[in-house]
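# Summary of the model geometry
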Amino acid sequence: MAHLEGVRVLEFSHMVMGPTVGMILADLGAEVIKVEPLGGDKTRDLPGSGAGYFAMYNRNKRSITVDLKSAKGIEVVHGLLASSDVMIENFRHGALDKLGLGYDSVREINPGIIYQSCKGFLSGPYEHRTALDEVAQMMGGLAYMTGPSGRPLRAGASVIDVSGALFGVIGILSALLSRKDTGKGANVRASLYETTAFLVGQHIAQGAVTGTPAPPMPERISAWAVYDVFDTCDGQIFVGVVSDGQWKSLCEEFGLTDWGTDEKMANNSGRVALRANIIPHLKSVFGEISTEDLTARVGEIGLPYAPIRKPDDLLDDPHLCAHGLHEMDLPDGQRVRLPALPLEINGARPELRRSPPKIGADTNEVLSWLGIDATKQA
């Protein structure tokens, strides 16, 4: 599947948000050239929780190394920009302008280019501030909603970086479509803070509708009587009951005959009012059943359910193993399987064409496109 075949993207980015924009476009078939400094993207060597960033968000790309502070390096970049459709950048505010690679300068080189910037903030009082995923989660209300009162907690993945990248891609695709009619490029900006505000918009709306500010999710009043994580005799499982039909099925399957005939529990509102009685009893029932058996039983009657897993457990998931994992080689030679783009078009998943590249792996080839001696490096 190469729906963006023929689209050339020049990526100047590191960490998560910018590389994710490039990866999504690359997965969809675009030719993405990652421009790295001579020593390589420092994201490659991050320790701890950042160790997986490069591996996850840089497949299907070429890599070239360029010294942006040298006249020769800028000459190379200008040559590539002239033949590119999209440029991605997530430098700090004003950094590329100093190098002559801000939007106005790039537009002079290529009026049709889509210039996509990944920033901490969009236009406004904060636009010059430095931000990270965690900064945005904290000041954007997401950390408050995730942890219990007084204990703000960031989400367990880089959800704002990745979500912000999705909005960046949407902007790029929209601008590419518009360019077909106008011939004009565009300056597309996506940000961490505004992405966070958009994601917590449901809670802002909840406060407006109910007249009461939304409490953190661990303390929320559930919309359903049964929508919880339960201990089994050997693990944990999430089970939800979100319709009257599912409630009847639950009662029949687990012999809860009194509940099944109780008119006060016949509809969801009544059950929510009696949640304090329902949940303790269900905990005692489910606590005597193994996770495997409980999974089979609630699955058979059509309830929403999910065994609680760790990320590495997904590598053994039969559904993901069928079509949802790419097997690739990391630059250090390690063979890994990582999640594919969560998308099907005409029944097909985006393909893996290239493993994450070694530093500057494609420099010589790309320079040769510009007529530059392939034995010399910019």
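Look up a bit, the structure's there.
Quick look at the structure, then. Here the residue numbers are simple positions, counted from 1 along each chain's written sequence. Given that this is a predicted model, residues contribute local features only at a pLDDT of at least 70 and side-chain atom pairs are listed and counted only at 80 or more, while totals for whole chains, interfaces and linings are drawn from all residues. As a rule here, side-chain values cover all heavy atoms of the structure and leave hydrogens and water aside.

For the rest of this paragraph, the subject is the overall build of the protein chain. Runs of E in the DSSP output that reach at least two residues are strands. Runs of H or I that reach at least four are helices, and both are numbered from the N terminus. Along the protein chain, the regular secondary structure elements total 17 helices and 11 strands. Counting only C-alpha atoms and orienting by the principal axes, one finds that the protein chain spans roughly 80 × 45 × 40 Å. Looking at the 378 residues of the protein chain, the share that counts as buried comes to 44%. The contact definition used throughout considers only heavy atoms, calling two residues in contact when any of these lie within 4.5 Å. Sequence separation of 24 or more characterises 71% of the internal contacts of the protein chain that already satisfy a separation of 6 or more. Carbon together with sulfur atoms contributes 53% to the accessible area of the protein chain, which is approximately 19,500 Å² in total. Under the counting rule used here, the positive set is Lys and Arg, the negative set is Asp and Glu, and His together with the chain ends is not counted. To locate a charge, take NZ of a lysine, CZ of an arginine, CG of an aspartate or CD of a glutamate. Distance between charge centroids for the protein chain: 6 Å, based on 36 positive and 46 negative side chains. Exposed residues in this analysis have more than 50% of their type's maximum accessible area, buried residues have under 20%, and partly exposed residues fall in between, with area computed by a 1.4 Å probe over protein chains only. Only the protein chains shown count as cover for residues, and all accessible areas are computed by the Shrake-Rupley method using a 1.4 Å probe.

A word on helix H14 (residues 275-286). Here, expected helix span is obtained from the residue count minus one, scaled by 1.5 Å. In this model H14 runs 16 Å from its N-terminal to its C-terminal C-alpha over 12 residues, within 8% of the 16 Å that 1.5 Å per residue would give. The set of residues buried in H14 consists of Ile278, Ile279, Leu282, Val285 and Phe286. Across the axial projection of H14, the buried residues extend over an arc of 125 degrees, all falling on one side. Across from the buried face of H14, at angles greater than 90 degrees, the exposed residues are Ala276 and Asn277. Contacts made by the buried residues of H14 are with strand S7 (226-231), strand S8 (236-241), helix H11 (244-253), helix H12 (257-261), helix H13 (268-273) and helix H15 (291-300). Note that the arc is defined by the directions from the helix axis to the C-beta atoms.

The rule for a salt bridge is simple: a side-chain nitrogen of Lys or Arg has to be within 4 Å of a carboxyl oxygen of Asp or Glu. Applying the stated rule across the entire model yields 22 salt bridges. Measuring nitrogen to oxygen at the nearest pair gives 2.9 Å for the salt bridge that ties arginine 59 to aspartate 27. Pair noted here: arginine 59 is in the loop between helix H2 (53-57) and strand S3 (61-65) and aspartate 27 is in helix H1 (residues 17-27), with a separation of 32 residues, a long-range link. The same class applies to arginine 59 and to aspartate 27, which are both buried. With a shortest N-O distance of 3.2 Å, arginine 335 and glutamate 327 are connected by a salt bridge.

Taken together, the side chains of Phe167, Ile170, Phe198 and Leu199 make up a nonpolar region of the molecular surface, amounting to roughly 390 Å² of accessible area. Within the residue set of the nonpolar patch, elements represented by two or more residues are helix H8 (159-182) and helix H9 (192-199). Exposure above 30% relative accessible area and the absence of a salt bridge qualify a residue for a patch, where like charges join within 9 Å and nonpolar side chains (Val, Leu, Ile, Met, Phe, Trp, Tyr) within 5 Å.

This part covers the environment of valine 135. In this structure, valine 135 sits in helix H6 (residues 133-139). Its relative accessible area of 30% is what places valine 135 among the partly exposed residues. In sequence terms valine 135 and tyrosine 193 are 58 residues apart; their C-alpha atoms lie 8.2 Å from each other.

A sheet is described by the order of its strands in space; here 3 strands give the open sequence S7-S8-S9, paired in antiparallel fashion. For this open sheet the edge positions go to S7 and strand S9 (305-307), each flanked by a neighbour on one side alone. Ignoring strand direction, the axes of neighbouring strands in this sheet form an average angle of 15 degrees. Here 6 bridges tie S7 to S8, and the two strands are oriented antiparallel to one another. Paired with phenylalanine 230 across the bridge in S8 is isoleucine 237. Each pair of strands is called paired provided DSSP finds at least two bridges between the two strands. Fitting a line to C-alpha atoms yields each axis, with helices limited to the stretch in contact; the angle taken between N-to-C directions then spans 0 to 180 degrees.

A few words now on the sheet that holds strand S2 (residues 31-36). The strand order S3-S2-S1-S4-S5-S6 describes an open sheet built from 6 strands, whose pairing is parallel. The sheet is open, and its two borders are formed by S3 and strand S6 (186-191), each paired with just one other strand. The mean inter-strand angle of the sheet, taken between neighbouring strand axes irrespective of direction, is 20 degrees. Here strand S4 (residues 86-89) pairs with strand S5 (residues 114-119) via 4 bridges, running parallel. For isoleucine 88, the partnering residue across the bridge sits in S5 and is glutamine 116. On top of the sheet, H8 reaches S4, S5 and S6; it is set at about 165 degrees to S6, its chief contact.

It is worth spelling out the nonpolar core at this point. By nonpolar core is meant a set of buried Ala, Val, Leu, Ile, Met, Phe, Trp, Tyr and Cys residues that side-chain atoms within 4.5 Å join together. Core analysis: the biggest nonpolar cluster contains 40 residues, and Val9, Val21, Leu25 and Val86 have the highest contact counts within it. Put simply, the parts of the chain that give this core at least two residues each are H1, H2, S4, S5, H8, S6 and strand S11 (335-339). Residue contacts for valine 86: discarding those within four places in its chain leaves Val7, Arg8, Val9, Leu10, Ile113, Ile114, Ile172 and Leu176.

Glancing now at the packing of aromatic side chains. Between rings of Phe, Tyr and Trp, where Trp is taken as its six-membered ring, a pair exists when centres lie within 6.5 Å; planes separated by under 30 degrees are stacked, by over 60 edge-to-face, and by other angles tilted. What the rule picks out here adds up to 10 aromatic pairs. Taking the centre distance of 5.5 Å and the plane angle of 70 degrees together, the rings of phenylalanine 121 and tyrosine 126 count as edge-to-face. For phenylalanine 121, a relative accessible area of 2% translates into the label buried. A network of ring pairs unites the aromatic residues Phe121, Tyr126 and Tyr193 as a single cluster.

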